[in-house]
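Chain by chain, the residues run as shown.
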Amino acid sequence: MLFALIATQFVAVDLGLQIGTGAACWVDLNNDGWPDLVGGGGIWKNEKGKAFTKIGACGEAVAGDFDNDGFADLFSWSQMKLYRNEKGLSFTEVPLPALPETTSRGACWGDFNNDGFVDLYVGGFEGGGRSITYPDFLLMNEGGKSFRLQSKDAVSKARGVTACDFDRDGDLDIYISNYRLEPNRLLMNDGKAGFKDQAGPRNAIATSDAFAGGHSIGAAWGDFDNDGEFDLFAGNFAHIDSRGDQPKSRFLRNLGRGSYRFDDKGICGVFYQESYATPAAGDYDNDGRLDLFFTTVYLPASFGRPNHPVLFRNAAAFDFKDVTKDAGVAELPPTYQAAWADYDRDGDLDLVSAGKLFQNQGTPGHRWMTMTLRGDGKQVNRLAIGAQVRIRVGDKILSRQVEAGTGEGNQNDLTLHFGLGADKAKAYDAEIMWPGGARQTVKGLVTNKHHTISLSPRLR
């Protein structure tokens, strides 16, 4: 009966998008409540879920409102350009300070010093036939007027960059997925945008015996066991060659208060394929558990081994099942593209990957709730990037965060999505932790509805 529920879960739809197979970014650019899409060199306006219209050009990007005017701006990490959103109608390039020479595979927004304005962390990759390691760098927001280059670091070959306040101390920490068997980094924030790598002490390197690190490409934060803490999935491209059986992709369980270390759970059902790349976490079947879509970047029959993107259903805490064929997303081509959003606002998450838009057909009997959070633009950045929300459903705690950058250079919609399964409650209380650590409780949020929640005046 279970598989009957999820059969034909997704249907590919042609709504005019031409987005290639590179990274994609979902974000509502004109504040009409419908998530738009940046990908394939274009900015695509969502026409109320019926079609998409190209309204501008942009490289691969992540979105955040750097000037707190209420409209999401775009930083193209592939072009090293910042575009101001002019009220959802057009986009104007904004000058940046002189940047170090670099090639990047991803970036993320976050208010790393809690001044109410989002900053940028940009990952540096490699060049010169692998002989050059380009620096990561941190751009600090100067009151929404300009950016300042605070630091640059050339110690690793970054692919994915993603942020989360995983230790709940009120500031955003950064996880960096490094390639070439180099250790991943977990940059712990001192609250003032001073960072120290704690991947080793926190057991977050995502490697295996005999290796210092893996060929990590992308990572995704998510509370995969519904205990209220944000865990990590680290995606590793893994050869089996003369250097050995290289580190596989793995789940890192956040042990929570008392240590905020990670327990390396291993593969948890994510079977071996050599060319895994970008993971994207989202509850596609609205059962209350975060699932995982995971792309590959080899041609399907490269080196005589199959490689296809896979949808893994979260059947229980850290027990993932391959449902790719039953869900209607089988045999997709190589791609770095994976991002979730409810583009048609029907209460379930849709997926963009491999240049296609997959419409979710829904899971009967499963309820849901979505939220848009809004900061005041002074204490909390306008789009509330970095905020966390927790909802108790039975004996489980469902946790979601507003994040601007995941996998390798992709971005899920900033709208928070909660699948509630078949729970019979008609309303829930939400516990919000805003950037900076302020807490707010919102009571009586009804199911099967979208809610917009602003920072309480009492917290300002």
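Our subject is the structure that appears above.
Residues numbered from 1 in each chain as written. Predicted model: local features only at pLDDT ≥ 70, side-chain atom pairs only at ≥ 80, totals over all residues. Heavy atoms only, no water.

Hey, could you run me through the sheet that holds strand E11 (residues 119–122) in this one?
Strand pairing in a sheet is mediated by backbone hydrogen bonds. Such pairs are either parallel or antiparallel. Spatial strand order, E10-E11-E14-E15: four strands in an open sheet with antiparallel pairing. Two strands in the sheet have a free side with no partner beyond their single neighbour: strand E10 (107–110) and strand E15 (146–153). Adjacent strand axes in the sheet meet at a mean angle of 20 degrees when their direction is disregarded. Examined bridge by bridge, E11 and strand E14 (residues 136–142) share three bridges and lie antiparallel to one another. Each residue of the ladder has a partner; that of Leu 120, found in E14, is Leu 139. (Pairing = 2+ DSSP bridges. Helix = DSSP H or I, 4+ residues; strand = E, 2+ residues; numbered from the N terminus. Axes fitted to C-alpha atoms, helices over the stretch in contact; angles between N-to-C directions.)

How should the environment of Tyr 276 be read in this particular structure?
Here Tyr 276 lies in strand E26 (residues 276–282). By relative accessible area, which is 2% here, Tyr 276 ends up buried. Taking the C-alpha atoms as reference, Tyr 276 lies 26 Å from Ser 399; in sequence the two are 123 residues apart. With residues up to four places along the chain from it excluded, the contact list for Tyr 276 reads Ile 217, Asn 236, Phe 237, Ser 249, Val 270, Phe 271, Phe 294, Thr 295, Thr 296, Val 310 and Phe 312. A distance of 2.9 Å separates the side chain of Tyr 276 from the backbone oxygen of Phe 271, its partner in a polar contact. (Buried < 20%, exposed > 50% of the residue type's maximum accessible area, 1.4 Å probe, protein only. Contact = heavy atoms within 4.5 Å. Polar contact = N/O pair within 3.5 Å; in protein donor to acceptor, adjacent residues only side chain to side chain.)

How should the pattern of salt bridges be read in this particular structure?
Pairing between side chains becomes possible if they bear opposite charge and their charged atoms approach one another. As enumerated under the stated definition, the model contains 17 salt bridges in all. Here Glu 126 makes a salt bridge to Arg 180, at a shortest N to O gap of 2.5 Å. Remark: Arg 180 occurs in the loop between strand E17 (173–178) and strand E18 (185–189) and Glu 126 occurs in strand E12 (residues 126–127); sequence separation between them is 54 residues. Residue Glu 126 is classed as buried on the basis of its relative accessible area, which comes to 11%. A salt bridge links Lys 248 to Asp 245, with the nearest nitrogen and oxygen atoms 2.1 Å apart. Several salt bridges share partner residues, and in doing so they unite Asp 285, Asp 287, Arg 289 and Arg 313 into one network. (Salt bridge = Lys/Arg side-chain N within 4 Å of Asp/Glu carboxyl O.)

What am I meant to see in the environment of Asp 73 here?
Along the chain, Asp 73 falls in strand E7 (residues 73–76). We classify Asp 73 as buried; its relative accessible area is 0%. Those residues in contact with Asp 73 that sit more than four places away from it in its chain are Val 62, Ala 63, Gly 64, Asp 65, Phe 66, Asp 67, Tyr 83, Arg 84 and Asn 85. In terms of polar contacts, Asp 73 uses its side chain to reach the backbone amide nitrogen of Asn 85, at 2.7 Å.

Just checking my understanding: could you explain the nonpolar core for this structure?
Generally speaking, a soluble globular protein has its nonpolar side chains buried in company with each other. Counting residues in hydrophobic clusters, the biggest one holds 56 residues, and the most contacted among them are Leu 74, Trp 109, Met 371 and Leu 373. Not counting the four nearest positions on each side in its chain, Leu 74 is found in contact with Leu 29, Val 38, Ile 43, Cys 58, Ala 61, Val 62, Ala 63, Lys 81, Leu 82, Tyr 83 and Phe 91. Core analysis: the next-biggest nonpolar cluster, separate from the first, contains 16 residues, Phe 166, Ala 199, Ala 204 and Tyr 260 among them. (Core = buried A, V, L, I, M, F, W, Y, C linked by side-chain atoms within 4.5 Å.)

Help me out: how do you make sense of the sheet that holds strand E21 (residues 231–237) in this one?
Read from one edge of the open sheet, four strands run E20-E21-E24-E25, paired in antiparallel fashion. The open sheet terminates on both sides in strands that have one partner only, identified here as strand E20 (215–222) and strand E25 (262–266). Strand-to-strand twist in this sheet, taken as the mean axis angle between neighbours without regard to direction, amounts to 25 degrees. As paired strands, strand E24 (residues 250–254) and E25 are joined by four bridges and run antiparallel to one another. In the strand pairing of E25, Arg 253 is matched with Asp 263.

Looking at this structure, how should I read the side chain of Gln 388?
Inspection of the secondary structure puts Gln 388 in strand E34 (residues 388–393). Among the polar contacts made by the side chain of Gln 388, one reaches the main-chain carbonyl oxygen of Asp 165 at a distance of 3.0 Å. Contact partners of Gln 388, with chain neighbours within four places excluded, come to Cys 164, Asp 165, Arg 168, Phe 230, Arg 400, Gln 401, Glu 431, Ile 432 and Met 433.

Mind showing me how you'd approach the side chain of Asp 283 here?
Its place among the elements puts Asp 283 in the loop between E26 and strand E27 (291–296). In this structure, Asp 283 is buried with no salt-bridge partner, the nearest side chain bearing the opposite charge being Arg 400 at 4.4 Å. There is a polar contact of 2.8 Å between the side chain of Asp 283 and the backbone nitrogen of Gly 288. What Asp 283 contacts, discounting residues up to four positions off in sequence, is Gly 288, Arg 289, Leu 290, Asp 291, Leu 349, Arg 400, His 417 and Gly 419. (Lys, Arg positive; Asp, Glu negative; His and termini not counted.)

What is the right way to look at the state of the cysteines in this model?
Throughout this description, disulfide means a covalent bond between two cysteine sulfur atoms. This model, assessed by the stated rule, comprises zero disulfides. Unpaired in this structure, Cys 58 has its nearest cysteine sulfur neighbour in Cys 25, at a distance of 8.4 Å. Residue classification places Cys 58 among the buried positions, given a relative accessible area of 3%. (Disulfide = S-S within 2.5 Å.)

These results come straight from atomic positions and should not be treated as a statement about function.
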